[in-house]
Amino acid sequence: MQLLLQNITHHYGGTTVLDDISLTVDDGEIVCIVGPSGCGKSTLLRIAGGLEKPDQGQALLAGPEPDGSLNPLTYIFQDFALLPWRSVEGNVSLVLEDHGIAAAERRAIIADVLARTNLSDFAKALPRQLSGGMKQRVAIARALAVKPAIMLMDEPLSALDSQTRELLMDDLVTLWTRERFSACYVTHNLNEAVRLGRRIIVLSRRPGRIRDVVEIDMPLAERADRLAELETLQRRVWEIMREEAREADREISDVA
Amino acid sequence: MSHDATHEQPATDAATANESGQRPVPFRGGGFVHRSLGPVAPLVFLAILAVWELGSRSGFISPIALPAPSEAFGALVDLFQTGMLWKHLGASLYRLVVGWTLGSLLGIAVGLFIGLFSLARAGLLPLVSALFPVPKIALLPLFIIWFGIGEGSKVATILFGTFFPTVIATYGGVDNVDRNLIRMGQSFGMSWLSIVRKIILPGAMPAILSGFRISASIAIVLLVAAEMIGAEFGVGAYILMAGALFALDQLIAGVALLSLIGLIIAWLIGKLEKRLLSWRT
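Calculation notes
- Residues numbered from 1 in each chain as written.
- Chains lettered and ligands numbered in written order.
- Predicted model: local features only at pLDDT ≥ 70, side-chain atom pairs only at ≥ 80, totals over all residues.
- Heavy atoms only, no water.
- Helix = DSSP H or I, 4+ residues; strand = E, 2+ residues; numbered from the N terminus.
- Rg over C-alpha atoms; globule rule 2.2 N^0.38 Å.
- Contact = heavy atoms within 4.5 Å.
- Areas by Shrake-Rupley, 256 points an atom, 1.4 Å probe, with all protein chains shown as cover.
- UniProt positions renumbered as here; feature names shortened; annotations may be inferred.
- Pairing = 2+ DSSP bridges.
- Expected span 1.5 Å × (residues − 1).
- Buried < 20%, exposed > 50% of the residue type's maximum accessible area, 1.4 Å probe, protein only.
- Buried area = accessible area lost by both parts, 1.4 Å probe.
- Salt bridge = Lys/Arg side-chain N within 4 Å of Asp/Glu carboxyl O.
- Polar contact = N/O pair within 3.5 Å; in protein donor to acceptor, adjacent residues only side chain to side chain.
- Axes fitted to C-alpha atoms, helices over the stretch in contact; angles between N-to-C directions.
- Parallel < 35°, antiparallel > 145°, perpendicular 65-115°, else oblique.
- Left-handed = near helix turned anticlockwise from the far one by under 90°.
- Nonpolar A, V, L, I, M, F, W, Y, C, P; charged D, E, K, R; others polar.
- Patch = residues over 30% accessible without salt bridge, like charges linked within 9 Å, V, L, I, M, F, W, Y side chains within 5 Å.
- pLDDT = per-residue confidence, 0-100.

- Named according to an unreviewed UniProt entry, chain B is ABC transporter permease originating from Nitratireductor aquimarinus.

The structure is reproduced here in structure tokens:
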């Protein structure tokens with residue numbers, strides 16, 4: 001399934017946050033969106049997932065939904081968005097309960113996704129007992145449970161320390177190699193972008209426009225061993241962004 | 001338990017400095033931490049009672065001003081032996097339980113409406129703000145006309161008294177539910193009812209339970225007011241009767257009963273919090 005954003009323009013109050021943005025996420029492709037803070041990355045992602053309506057332009061889906069997908073567009077949030085009063089399995093169960101799945105089958109799905117994210121031993125734990133990395137793994141397990149066609153990832157690793165981030169990045173690469181999910185991955189971390197992105201879309205500061213698109217052909221699984229080449233790419237993306245980031249840093253924010 | 005500042009004798013630099021001029025970094029931390037001191041509360045309570053009793057026996061406290069604790073205890077024993085204790089307690093607890101339960105249920109329902117619907121908030125919130133500060137005791141004559149001189153008016157007084165704080169606690173709790181959790185629910189295509197039931201209501205539960213603590217105390221305060229008129233039995237009626245006769249030992253005994261009810265309710269709500277909010281640290 002494909003996700004197409006066409007000429008998205010959006011305002012908050014009098015401020016334009018997104019200006020005429022068009023992009024496509026193809027089947028099995030991870031598209032990274034980077035940009036300076038406040039450039040509307042998260043707004044773009046909310047529009048892509050139907051949580052917000054753009055003032056102009058439209059978000060479209062193309063192609064058939066994959067078999068058995070309960071929620072084709074599925075988010076992974078920066079702050080994990082786990083219910084603190086539900087255990088790990090309860091949090092996964094939450095998103096299945098509205099779909100009229102028989103209890104036995106639901107238990108099977110939960111066991112399956114927890115096994116795939118190495119969380120089986122933590123099924124009964126509460127979120128407050130888990131580290132940040134484990135919480136995000138639970139959120140990934142929850143997303144996998146609804147068999148998404150496209151994952152919308154909003155700075156999924158930004159709340160984690162850098163060692164945990166490395167570990168989760170490896171997890172994501174392994175997962176992608178196995179399942180070839182498509183994703184729209186918003187981040188301000190250029191290292192994540194070059195490690196995970198098939199394409200990197202660089203946004204300008206507010207109003208967010210597409211500054212440049214960097215394509216990376218290197219297979220995802222090889223990237224951990226070819227960091228030197230990625231370093232060059234990362235520097236190239238940073239060169240594109242540097243001025244924008246400097247200017248964005250000096251702006252007075254009046255948009256939430 | 002307060003924010004105790006620990007005062008430790010600062011070691012004099014000269015004394016501890018060795019020949020190379022090394023000295024320990026002066027300790028400036030500590031304090032401002034609560035320790036749980038279990039037996040302090042009963043000790044304070046017993047100490048006050050002891051001083052009071054001593055004061056009464058020595059004649060320092062005049063029996064006209066304040067009867068001795070032993071006399072009040074005697075009145076309690078008297079109540080117990082005549083079997084009137086259970087009659088008074090039974091009547092009062094019935095009014096408390098019915099009034100508080102109905103008031104809380106209605107309060108949670110209206111609070112949810114105000115928290116969830118803009119129209120309800122615009123329409124009902126000013127009304128709540130206008131009616132909350134009205135002393136329900138002042139409305140007692142009205143309640144008697146509306147609900148009768150029997151149990152109706154007494155239950156209604158407690159009901160209205162507990163309703164408003166519950167409304168405010170509930171809608172405040174709903175407002176404080178993490179918006180991101182709601183967005184998460186929407187992004188997974190959860191139904192509106194599921195989001196309210198599984199995300200908003202549990203998220204508002206801490207606020208609702210602390211509202212219960214306040215509304216339960218208000219209910220006890222209003223109990224005495226509600227039993228002012230036309231109540232034959234009830235702890236409040238007993239206290240008022242004792243007051244009218246200047247039977248101060250009975251008055252103190254009745255007040256002690258109310259305090260006891262308050263303590264037990266607070267303990268029960270604490271239990272409920274432990275059960276429902278075990279997910280919090």
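**Some thoughts on the overall build of chain A**
- Within chain A, the regular secondary structure consists of 7 helices and 9 strands.
- Taken against the 2.2 N^0.38 rule, which gives 18 Å for 256 residues, the C-alpha radius of gyration of chain A at 18 Å falls within 12% of a compact globule.
- When the backbone C-alpha atoms are referred to their principal axes, chain A occupies close to 55 × 40 × 35 Å.
- At a minimum sequence separation of 6, the contacts of chain A that also span at least 24 residues come to 73%.
- Carbon and sulfur atoms form 47% of the exposed surface of chain A, whose accessible area is close to 11300 Å².

**Let's talk about the UniProt feature "domain: ABC transmembrane type-1" (unreviewed entry) in chain B**
- Under the feature "domain: ABC transmembrane type-1" (unreviewed entry), the UniProt entry names residues 89-269 of chain B.
- Secondary structure content for residues 89-269 of chain B is 83% helix and 0% strand, while the C-alpha to C-alpha distance between its ends is 20 Å.

**Quick look at the pairing of strand β1 (residues 2-12) of chain A**
Residues and elements named next belong to chain A.
- Inspection of the sheet shows β1 paired to strand β4 (residues 56-62) by 6 bridges, in the antiparallel sense. Directly across from Leu4, in β4, lies its bridge partner Leu60.
- Two elements, β1 and strand β2 (residues 15-25), share 7 bridges in a ladder whose sense is antiparallel. Its bridge partner being in β2, Ile8 is matched across the sheet by Ile21.
- In textbook terms, the turn of a hairpin is the stretch between consecutive antiparallel strands, and for β1 and β2 this stretch comprises 2 residues, one of which, Gly13, has a positive phi near 60°.

**So, helix α7 (residues 151-175) of chain B**
- The terminal C-alpha atoms of α7(B), which comprises 25 residues, lie 36 Å apart, in line with the 36 Å expected from a rise of 1.5 Å per residue.
- For α7(B), the buried fraction is high: 19 of the 25 residues fall into the buried class.

**Let's talk about the interface of chain A and chain B**
- Each side of the interface is counted separately: chain A has 24 residues, and chain B has 20 residues.
- Between chain A and chain B, a total of about 1900 Å² is buried, with carbon and sulfur atoms accounting for 65% of that surface.
- When the buried area of chain A at its contact with chain B is split by residue, Trp85(A), Asp98(A) and Arg128(A) rank highest and sum to 32% of it.
- The interface formed by chain A and chain B holds 2 salt bridges in total.
- On inspection of chain A and its partner chain B, the count reaches 8 residue pairs in polar contact (both at pLDDT 80 or more).
- A total of 3 residues in the side of chain A that touches chain B trace back to one element, the largest contributor, which is strand β5 (residues 73-76) of chain A.

**What to know about the side chain of Arg46(A)**
- With respect to the helices and strands, the residue Arg46(A) is situated in helix α1 (residues 41-48).
- The exposure class of Arg46(A) is buried, given its relative accessible area of 19%.
- Of the polar contacts made by the side chain of Arg46(A), one reaches the side chain of Glu52(A); its length is 2.8 Å.
- The residues touching Arg46(A), leaving out its near neighbours within four places in the chain, are Tyr12(A), Leu51(A), Glu52(A), Tyr75(A) and Arg183(B).

**What to know about the side chain of Ser69(A)**
Residue and element names in this part refer to chain A.
- Relative to the helices and strands, Ser69 resides in the loop between β4 and β5.
- Ser69 gets classed as buried once you look at its relative accessible area, which sits at 13%.
- Looking at Ser69, its side chain comes within polar contact range of the main-chain oxygen of Lys147, at 2.6 Å.
- Once residues lying within four places of it in the same chain are set aside, the contact partners of Ser69 are Val146, Lys147, Pro148 and Ala149.

**Some thoughts on the packing of helix α4 (residues 132-145) of chain A against helix α5 (residues 162-179) of chain A**
Residue and element names in this part refer to chain A.
- Where α4 contacts α5, the two axes come as close as 10 Å, and the packing angle between them is 20°. One finds that α4 runs roughly parallel with respect to α5. Here α4 and α5 pass one another in a crossing that is right-handed. Taking contact as the criterion, the partners of Gly133, Gln136, Arg137, Ile140 and Leu144 in α4 are, on α5, Thr164, Leu167, Leu168, Asp171, Leu172, Leu175 and Glu179.
- Grouping the constituent residues of the contact of α4 with α5 by class yields 6 nonpolar, 3 polar and 3 charged.

**A short note on the pattern of salt bridges**
- Scanning the entire structure with this criterion turns up 28 salt bridges over all chains.
- The shortest N-O distance in the salt bridge between Lys198(B) and Glu97(A) comes to 2.8 Å. In this pair, Lys198(B) is assigned in helix α9 (residues 192-226) and Glu97(A) in the loop between α2 (88-94) and α3 (103-116), connecting two distinct chains.
- For Lys198(B), a relative accessible area of 11% puts it in the buried group.
- For the salt bridge of Glu179(A) with Arg178(A), the shortest nitrogen-to-oxygen distance reads 3.7 Å.
- Given the relative accessible area of 31%, Glu179(A) is considered partly exposed.
- The network of salt bridges with common partners includes Arg86(A), Glu97(A), Asp98(A) and Lys198(B).

**Describing the sheet that holds β1(A)**
Residues and elements named next belong to chain A.
- Pairing in this open sheet of 3 strands is antiparallel, and the strands run β2-β1-β4 from one edge to the other. Every other strand in the sheet has two partners, leaving β2 and β4 as the edge strands with one partner each. Adjacent strand axes in the sheet meet at a mean angle of 10°, parallel and antiparallel pairs treated alike.
- Where α1 meets the sheet, it contacts β1, β2 and β4, and its direction lies at approximately 125° from that of β1.

**Re a nonpolar patch on the surface**
- On the surface, a cluster of nonpolar side chains totalling about 410 Å² of accessible area is made up of Ile137(B), Ile149(B), Met228(B), Ile229(B) and Leu240(B).
- The topology assignment puts Leu240(B) in helix α10 (residues 235-244).

**Quick word on the UniProt feature "transmembrane region" (unreviewed entry) in chain B**
Residues and elements named next belong to chain B.
- UniProt feature "transmembrane region" (unreviewed entry): in the numbering of this structure it lies at residues 93-117, 124-149, 155-174, 199-225 and 237-270.
- In residues 93-117, the share of helix is 96% and the share of strand is 0%. The end C-alpha atoms are 35 Å apart.
- For residues 124-149, helix accounts for 62% and strand for 0%, while the C-alpha atoms at its two ends are 29 Å apart.

**Focus on the sheet that holds β5(A)**
Residues and elements named next belong to chain A.
- Taken together, the 6 strands give an open sheet; going across it, the order is β5-β6-β7-β3-β8-β9, and neighbouring strands pair in mixed fashion. With partners counted over all chains shown, the strands left at the sheet margins are β5 and β9 (210-215), one partner each. Along the sheet, successive strands turn relative to each other by an average axial angle of 20°, direction set aside.
- Sheet contacts for helix α7 (residues 227-249): β3 (30-34), β8 (199-203) and β9; angle to β9, the most-contacted strand, approximately 180°.

**Considering the confidence of the model for chain B**
- Per-residue pLDDT for chain B averages 89, and the proportion of residues at 70 or more is 94%.
- Across the interface, the model reports ipTM at 0.88; the global pTM reads 0.83.

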